[in-house]
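Listed below are the residues making up each chain.
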Amino acid sequence: MISINYYAIYSLWLREMIRFFRLKSRVFGSLAPPFFFLAFLGFGFGSAVMPAIPEEVGYVSFLAPGIIGMTLLFSSTFGGLSMLWDREFGFLREIMVAPVSRLSIVIGRTAGGVTTAVMQGLIILVPGVAMGLQIPGLPGFLLSLVFMLLIATTFNSLGLAFASRMKDMSGFSLIMNFMVFPLFLLSGALFPISNFPGWLQTLSLFNPLTYGVDGLRGSLIGISAFPLALDLLILAFCSVAALSLGAYLFEKSDVE
Amino acid sequence: MDAPAIAATGLTMRFNGFTAVDGVDLEIERGELFGLLGPNGAGKSTIIKMLTTMLRPSAGSAKVWGYDIKRERDAVRSSIGVVFQDPSVDSQLSGRENLDFHGRMYGMDRKTRSDRIAEVLELVDLTEKADVLMEDYSGGMQRRLEIARGLMHHPNLLFLDEPTLGLDAQTRRYIWRYIRRMNEDEGVTVVLTTHYMEEADHLCERVAIIDRGRIVALDSPERLKDLIGADIVTLEVDDSVTDDQVRAISDVDGVEAVDRAGSTLTLSVDRSEARIPEIVLSASRAGLLIRSVTMHEPTLEDVFLKFTGKKIREAESAGAGRMAAVQSRMRTRRH
């Protein structure tokens, strides 16, 4: 029987919160790239007319949800991979020797990582709004929050899955540069995927973030390439699958 | 009759054919302050890792506080506290936050936690540093906090893996005092590993001497030293010392054994302070020049030498070689 230890889940979540609010410089550092993308691409292409973007929407409004998706992708993957730091600095042993089910540990870590990622996504929403993104109202905003949660859960869990298979930090930059960055560029965060050649479009359909960005656009600016229900369904499936994979691989991994 | 704190039979750990722990039988009573003494790489930490459920044994079994380490892992984990050999704190959190995290992981409610935090901080004299971030703690302070944390959830049994490794002599004495205090005041059974002879001698009620994954001797430090019996006299002599000259020395009354290693003669001598003049005299009669004489009462080092045929430092360099071999094997296994 698998037991769930609520105190332990809360403890792991709270630790991430304390660290998030304590390490302000790290948070600012991780928010800098999406902010610069938003600002420079937004100002640079703001007045350009791009094929497949309705003229009345404008590039900035199109870009902002994509950059929120980027922020979530990077910060949640990083959050999942942060288990590598805990292993490196020994804190993982303190967690693993506690009388707490492995599932509770995964849930607690994921809850913490997802919360910090969503907070960062919300922070990036602010300059987006300042640059002209118009939020359609509370329902749209709440729906976008659901998409943020699902994106963060998916990639936090993938990060955890990778971290469970890696024994040291050497694979970290490999994953960030060869998995996370291509996922970002392939998601249609910066331009509509319909501008891609056919084979690249097909490839992007296998990227969970494609549906995340599309869902954010649908809920925040009211245009999306796929029906929102489809985005929601696929992303929900991806997050459950990734979470299961992360939990399974974490369970199998050694502390030593 | 309660189950013993630890009962292990045939506990074995193999890493890819290399045997780090080789059929260890061990019984530790409740309330004991017990030491596992041996060189680095002897298998002490691996024993601790198996007993704390961090590693699954390849063979054999053990019960910790009556719970099976393979089948009742959560019950074992609830009964024990562990202070690991390497640091295991979150350096971005304060001492209090680390303890608070720990308490919650063990299901302690807010009131219980805050009372207990005050107690354990008091025990290791860190009350004033409670709200300082761990990254600003010194090595010794961090170690003390880890000891406090190991006690936080009222474990029945506390494991300390090399609790004073790398600490200066003064800090080491403080830590000894805390360990003894918690064993006496809190009634916690303590199992520690060390490769410091004086630590085992000073602190532990019973000591198991470990070499190459096996227990080679187990008793109280006093009784282990009684096995040596006589005092140890070390003579530095000429390289040219002959067998006849050695025999002349071993013929002196009260000299029980003579060991020769190069120009060093190690003698077991009963009542050595009375015999040394005679030893020096017989040596010079046999034409042997003695450069220096030192004598000491038996230590655990001598016990280790008796049971393993080597000094702990020599065993250490061999052990370090064994460790490196294990690590490189483990690394190969990973890829």
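Along each chain, numbering runs from 1 in the same order as the chain's sequence is written. By the order in which they are written, chains take letters starting at A while ligands take numbers starting at 1. In view of the model being predicted, local features appear only for residues whose pLDDT reaches at least 70, and side-chain atom pairs are presented and counted only at 80 or more, with totals across whole chains, interfaces and linings using the full set of residues.

Student: So, the overall build of chain B: which residues are in play, and what are the values?
Tutor: Numbering of helices and strands runs from the N terminus, with a helix taken as a DSSP run of H or I at least four residues long and a strand as a DSSP run of E at least two residues long. Check the secondary structure of chain B and you find 12 helices and 14 strands. With the C-alpha coordinates of chain B rotated into their principal frame, the extents come out at 80 × 45 × 45 Å. Buried residues are those with 20 or more other C-beta atoms within 10 Å of their own C-beta, exposed residues have 12 or fewer, and partly exposed residues lie in between; C-beta atoms are placed from the backbone. For chain B, the residues scored as buried account for 44% of the 335 residues in total. By the criterion used throughout, residues are in contact when their C-beta atoms, derived from the backbone, lie within 7 Å. The contacts of chain B with a sequence gap of at least 6 include a subset with a gap of at least 24, amounting to 70%.

Student: Kindly report on the environment of A:I18, identifying the contributing residues and their values.
Tutor: With respect to the helices, strands and loops of the structure, A:I18 is situated in helix α1 (residues 6-22). Those residues in contact with A:I18, other than ones at most four positions away along the chain, are B:L93 and B:E97.

Student: Lay out the sheet that holds strand β9 (residues 206-211) of chain B in plain terms, naming residues and giving numbers.
Tutor: Residues and elements named next belong to chain B. Strand pairing is assigned whenever DSSP identifies at least 2 bridges connecting the two strands. Taking strand neighbours across the sheet as the criterion, the six strands line up as β6-β7-β8-β3-β9-β10 in an open arrangement whose pairing is mixed. The strands lining the two open edges of the sheet, one partner per strand, are β6 (80-83) and β10 (214-219). Direction aside, the axes of adjacent strands within the sheet are offset by 15 degrees on average. Note: β6 against strand β7 (residues 157-161), four bridges, orientation parallel. The residue of β7 that forms the bridge with V82 is F159. The strands touched by helix α5 (residues 139-152) within the sheet are β6 and β7, with β6 carrying the most contacts at an inclination of about 170 degrees. Interaxial angles span 0 to 180 degrees and are taken between N-to-C directions of axes, which are lines fitted to C-alpha atoms, for helices over the stretch in contact.

Student: Can you tell me about the nonpolar core, naming the residues and giving the values?
Tutor: What makes a nonpolar core is a set of buried Ala, Val, Leu, Ile, Met, Phe, Trp, Tyr and Cys residues, with links drawn between C-beta atoms within 7 Å. By size, the foremost hydrophobic cluster in this structure holds 139 residues, and its most contacted members are A:L73, A:I151, B:V64 and B:A148. With 13 residues, helix α3 (residues 59-81) of chain A is the largest single contributor of residues to this core. In this view, B:A148 contacts B:L99, B:V120, B:L121, B:L123, B:V124 and B:L126; residues no more than four positions away in its chain are not counted. By size, the runner-up hydrophobic cluster in this structure holds 13 residues, among which are B:V233, B:L235, B:I279 and B:L288.

Student: Give a detailed account of the interface of chain A and chain B, specifying residues and quantitative values.
Tutor: In this complex, chain A contributes 23 residues to the contact, which on the side of chain B involves 23 residues. Secondary-structure elements contributing two or more residues to the side of chain A that touches chain B are α1 and α5 (91-96) of chain A. Ranked by residue count, the leading element in the side of chain A that touches chain B is α1(A), at eight residues.

Student: Kindly report on unusual backbone geometry, identifying the contributing residues and their values.
Tutor: Trans is the common state for peptide bonds, and a negative phi is the common state for residues other than glycine. Residue and element names in this part refer to chain B. The backbone of N16 shows a phi angle near 45 degrees, a positive value even though the residue is not glycine. We classify N16 as exposed; it has 9 C-beta atoms within 10 Å. Although it is not a glycine, T53 adopts a positive phi angle of roughly 65 degrees. C-beta crowding within 10 Å serves as the criterion here: with 23 such atoms nearby, T53 is assigned to the buried category.

Student: Talk me through the sheet that holds strand β4 (residues 59-64) of chain B; I want residue IDs and the actual numbers.
Tutor: Residue and element names in this part refer to chain B. Pairing is antiparallel across the open sheet formed by four strands, whose spatial order is β2-β1-β4-β5. The open sheet is flanked by β2 (18-28) and β5 (67-68), the only strands paired with a single partner. Note that β4 and β5 share two bridges and pair antiparallel. Across the sheet, residue V64 finds its bridge partner in β5, namely Y67. Docked against the sheet, helix α1 (residues 44-51) engages β1 (6-15), β2 and β4, running at close to 115 degrees with respect to β1.

Student: Could you give an account of the pairing of strand β3 (residues 33-37) of chain B, with specific residues and numbers?
Tutor: All names here are of chain B. Most of β3 is tucked away, with five of its five residues classed as buried. Residues L33, G35 and L37 point to one face of β3 and F34 and L36 to the other, with burial holding for every one of them. In this structure, β3 lies alongside strand β8 (residues 189-194), joined through five bridges in parallel fashion. Within β8, the residue paired with L36 across the bridge is T193. Direction of pairing for β3 relative to β9: parallel, over a ladder of four bridges. Following the sheet pairing, G35 is matched in β9 by V207.

Student: Residues and numbers for the pairing of strand β12 (residues 255-261) of chain B, please.
Tutor: Relative to strand β13 (residues 264-269) of chain B, β12(B) runs antiparallel, the two being bridged by six bridges. Bridging across to β13(B), B:A257 finds its partner in B:S268.

Student: How would you summarise α5(B) if you had to cite specific residues and measurements?
Tutor: Residues and elements named next belong to chain B. A helix is expected to span 1.5 Å for every residue after the first. Compared with an ideal rise of 1.5 Å per residue, which puts 14 residues at 20 Å, α5 spans 20 Å between its outermost C-alpha atoms and is within 8% of the ideal. The buried fraction of α5 amounts to 11 of the 14 residues, a majority that puts the element mostly inside the structure. Along α5, the residues that are buried comprise Q142, R143, R144, L145, E146, I147, A148, R149, G150, L151 and M152. Against β6, α3 (95-105), α4 (110-123), β7 and α6 (169-185) lie the buried residues of α5.

Student: Break down the confidence of the model for chain B for me, citing the residues and quoting the values.
Tutor: All names here are of chain B. Across the chain, each position has a pLDDT score giving the predictor's confidence in that residue, from 0 to 100. In this model, chain B carries an average pLDDT of 88, and 93% of its residues clear a pLDDT of 70 or more. Confidence drops under a pLDDT of 50 for residues 328-335, and excluding neighbours within four residues, the segment shows six contacts in the predicted structure. Both confidence scores are given for the complex: pTM 0.84, ipTM 0.89.

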